[in-house]
Amino acid sequence: IVAGDFTSVLGSTRNNIARLNANGTLDASFIPNPNGIVYAVAVQNDGDIVFGGRFSSVSSGGSSRTNLARYNADGTLDTTFTTGTDSLGVVYALALDPSNRLVVGGQFTTVGGTARNNIARLNQANGTLDTAFNPSANANVRTIAIQGNGQVVLGGAFTSLQPNGAATATTRNRIARVNSDGTLDTAFTVGANGWVNAIALQADGKILYGGNFTR
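Rules behind the numbers
- Residues numbered from 1 in each chain as written.
- Predicted model: local features only at pLDDT ≥ 70, side-chain atom pairs only at ≥ 80, totals over all residues.
- Heavy atoms only, no water.
- Buried < 20%, exposed > 50% of the residue type's maximum accessible area, 1.4 Å probe, protein only.
- Helix = DSSP H or I, 4+ residues; strand = E, 2+ residues; numbered from the N terminus.
- Pairing = 2+ DSSP bridges.
- Axes fitted to C-alpha atoms, helices over the stretch in contact; angles between N-to-C directions.
- Salt bridge = Lys/Arg side-chain N within 4 Å of Asp/Glu carboxyl O.
- Phe/Tyr/Trp six-rings, centres within 6.5 Å; stacked < 30°, edge-to-face > 60°.
- Lys NZ or Arg CZ within 6 Å of the ring centre and 35° of its normal.

A.B. asks: Before we move on, can you summarise the pairing of strand β7 (residues 68-71) with the specific residues and values?
C.D. replies: Going residue by residue along β7, you find L68 and R70 tucked away on one face and A69 and Y71 tucked away on the opposite face as well. Here strand β6 (residues 49-53) runs beside β7; their pairing, made up of four bridges, is antiparallel. If you follow V50 over to β7, its bridge partner there is R70.

Okay, here's the thing in structure tokens:
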């Protein structure tokens, strides 16, 4: 799956997302053609493809999709995946947890009419909001990595995080880790003096992160 800001692939019209076969040829069955940039993609265990970014429609009948859509493995639009995303702002990051729930990061204040600040978790079946997961970041979330135990590592522009059940926010400079229930991992206190744009997990459990920082 190739995503970004483009209008053609191998001489064929493909707006911002495309799928290539194993030999590098274009998959003619996958033509979502969202009308704006795609920043993030996640492929589910069943082969369904979720993508997010800054768009308002996809090509299948001009269907309205605000910044998040899911396609079946056969290249058709999943029409069941709509609830919970109708008021979603820009999506910068997507990741699937061990239970195949979708963690969404970006720049938004609501999901499906419910308050969520820059991070949310959606149920896999139909995209509805997982109301049990409600950490809150005070600025955008740009990257997400989920560890095998379900802990969620977040990076972005934020300087504080208010976890589930907390009355006040805790200082976390551009990177933080929350538990699968949305509470803060208080043992994880690293930070950065500028945006964190990428996170990768090593097999030994170490975490790599990069971005626009000097300390």
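A.B. asks: Just give me the short version of the sheet that holds β6, but keep the residues and values in it.
C.D. replies: Strand pairing within a sheet occurs via backbone hydrogen bonds; the two strands may be parallel or antiparallel. As summarised here, the arrangement of the three strands in space is β5-β6-β7, forming an open sheet in which the pairing is antiparallel. Each edge of the open sheet is held by one strand with a lone partner, namely β5 (38-43) and β7. Looking at each pair of strands side by side, their axes are set apart by 20 degrees on average, direction ignored.

A.B. asks: Before we move on, could you go through the pattern of salt bridges and cite the residues and values that matter?
C.D. replies: Any two side chains of opposite charge can pair, so long as their charged atoms come close to each other. This model, assessed by the stated rule, comprises seven salt bridges. Between R70 and D78 there is a salt bridge; the shortest N-O distance is 2.8 Å. For the pair R70 and D78, a shared accessibility class is recorded, and that class is buried. Close ionic contact of R121 with D97 constitutes a salt bridge, the shortest N to O distance being 3.9 Å. Linking R121 in strand β12 (residues 119-122) with D97 in the loop between β8 (90-96) and β9 (102-107), this pair joins segments that are 24 residues apart in sequence. For D97, a relative accessible area of 8% corresponds to the buried category. Overlapping salt bridges, with partners in common, bring together D97, R101, R121 and D130 in one network.

A.B. asks: Please give an account of unusual backbone geometry that cites residues and values.
C.D. replies: At L10, a position not held by glycine, the phi torsion is positive, near 55 degrees. Structurally, L10 is set in the loop between β2 (8-9) and β3 (12-13). Relative accessible area serves as the criterion here: at 62%, L10 is assigned to the exposed category. Despite not being glycine, N67 has its phi angle at roughly 70 degrees, a positive value. The topology assignment puts N67 in the loop between β6 and β7.

A.B. asks: Could you give an account of the packing of aromatic side chains, naming the residues involved and the relevant values?
C.D. replies: The description of an aromatic ring pair rests on the distance of the ring centres and on the angle between the ring planes. One pass over the full model with this rule turns up five aromatic pairs. With centroids separated by 5.7 Å and ring planes inclined at 40 degrees, the aromatic side chains of Y209 and F213 adopt a geometry described as tilted. The partly exposed category is assigned to F213, whose relative accessible area is 26%. An aromatic cluster of three or more residues is present, and its members are F30, F51, F55 and Y71. Of note, R142 hangs over the ring of Y92, and the distance from its end group to the ring centre comes to 3.7 Å.

A.B. asks: Explain the sheet that holds strand β13 (residues 136-137) to me, using residue names and the numbers behind them.
C.D. replies: The strand order across the open sheet built from three strands is β13-β16-β17, with neighbouring strands paired in antiparallel fashion. Edge strands, defined here as strands with exactly one partner in the open sheet, are β13 and β17 (170-171). Two elements, strand β16 (residues 160-162) and β17, share two bridges in a ladder whose sense is antiparallel. Among the inter-strand pairings, S160 is bridged to a residue of β17, identified as T171.

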